[in-house]
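Residue strings, one per chain:
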Amino acid sequence: MNNLNQLILSFDYEQNFKNLDFYVSRSNMHVFNLINNWSKKNEKFLNIVGEKFCGKSHLISIFLEKNKGLKINSSKLNDDF
């Protein structure tokens, strides 16, 4: 075996962002619990921030599905909004 280059494998899968497909770790457990215990009486909005590919979009999808939320793209925000 002389060629030790890595091969890129292409897996055909559908990205679905469902609650059951989210991996909860120590770094995201707080926001995952917050989403699952959301109280519309006490909280008016949720802002999820983090590094690229940390799971923000997945968490937002879970939140929107559970709470009938509204997603606003930051590029649309201005003083008139």
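Residues numbered from 1 in each chain as written. Predicted model: local features only at pLDDT ≥ 70, side-chain atom pairs only at ≥ 80, totals over all residues. Heavy atoms only, no water.

Caption draft 1: Seen up close, the overall build of the protein chain. The helix and strand inventory of the protein chain stands at 2 helices and 0 strands. The C-alpha radius of gyration computed for the protein chain amounts to 18 Å, which surpasses the reference 12 Å derived for 81 residues by more than 25%, pointing to a less compact arrangement than a globule. In terms of principal-axis extent, the alpha carbons of the protein chain reach across some 65 × 30 × 25 Å. Going through the 81 residues of the protein chain one by one, you find that 16% of them count as buried. Residue pairs in contact within the protein chain that sit at least 24 positions apart in sequence constitute 54% of those at least 6 positions apart. (Helix = DSSP H or I, 4+ residues; strand = E, 2+ residues; numbered from the N terminus. Rg over C-alpha atoms; globule rule 2.2 N^0.38 Å. Buried < 20%, exposed > 50% of the residue type's maximum accessible area, 1.4 Å probe, protein only. Contact = heavy atoms within 4.5 Å.)

Caption draft 2: Region of the structure containing a nonpolar patch on the surface. Taken together, Leu-7, Leu-9 and Phe-11 make up a surface patch of nonpolar side chains, about 420 Å² in accessible area. Structurally, the position occupied by Leu-9 is in the segment before helix 1 (29–36). The class for Leu-9 is exposed, based on a relative accessible area of 59%. (Patch = residues over 30% accessible without salt bridge, like charges linked within 9 Å, V, L, I, M, F, W, Y side chains within 5 Å. Areas by Shrake-Rupley, 256 points an atom, 1.4 Å probe, with all protein chains shown as cover. Salt bridge = Lys/Arg side-chain N within 4 Å of Asp/Glu carboxyl O.)

Caption draft 3: Molecular detail of helix 2 (residues 56–67). Across its 12 residues, helix 2 extends 16 Å between first and last C-alpha, which sits within 8% of the 16 Å expected from 1.5 Å per residue. Along helix 2, the residues that are buried comprise His-58, Leu-59, Ile-62, Phe-63 and Asn-67. Projected down its long axis, helix 2 shows its buried positions confined to an angular sector of 140°, all on one face. Buried positions along helix 2 lie against helix 1. (Expected span 1.5 Å × (residues − 1). Arc of directions from axis to C-beta.)

Caption draft 4: Inspection of helix 1 at higher detail. Buried within helix 1 are the following residues: Val-31, Phe-32 and Ile-35. Projected down its long axis, helix 1 carries its buried residues within an arc of 105°, all on one side. Of the surrounding elements, those touching the buried residues of helix 1 are helix 2.

Caption draft 5: Up close: the environment of Leu-34. Following the sequence through the fold, Leu-34 ends up in helix 1. Residue Leu-34 is classed as partly exposed on the basis of its relative accessible area, which comes to 30%. As for Leu-34 and Leu-70, which are separated by 36 residues in sequence, their C-alpha atoms are 17 Å apart.

Caption draft 6: Here's a closer look at unusual backbone geometry. For Phe-53, which is not a glycine, the phi torsion comes out positive at approximately 65°. For Phe-53, the position within the fold is in the loop between helix 1 and helix 2.

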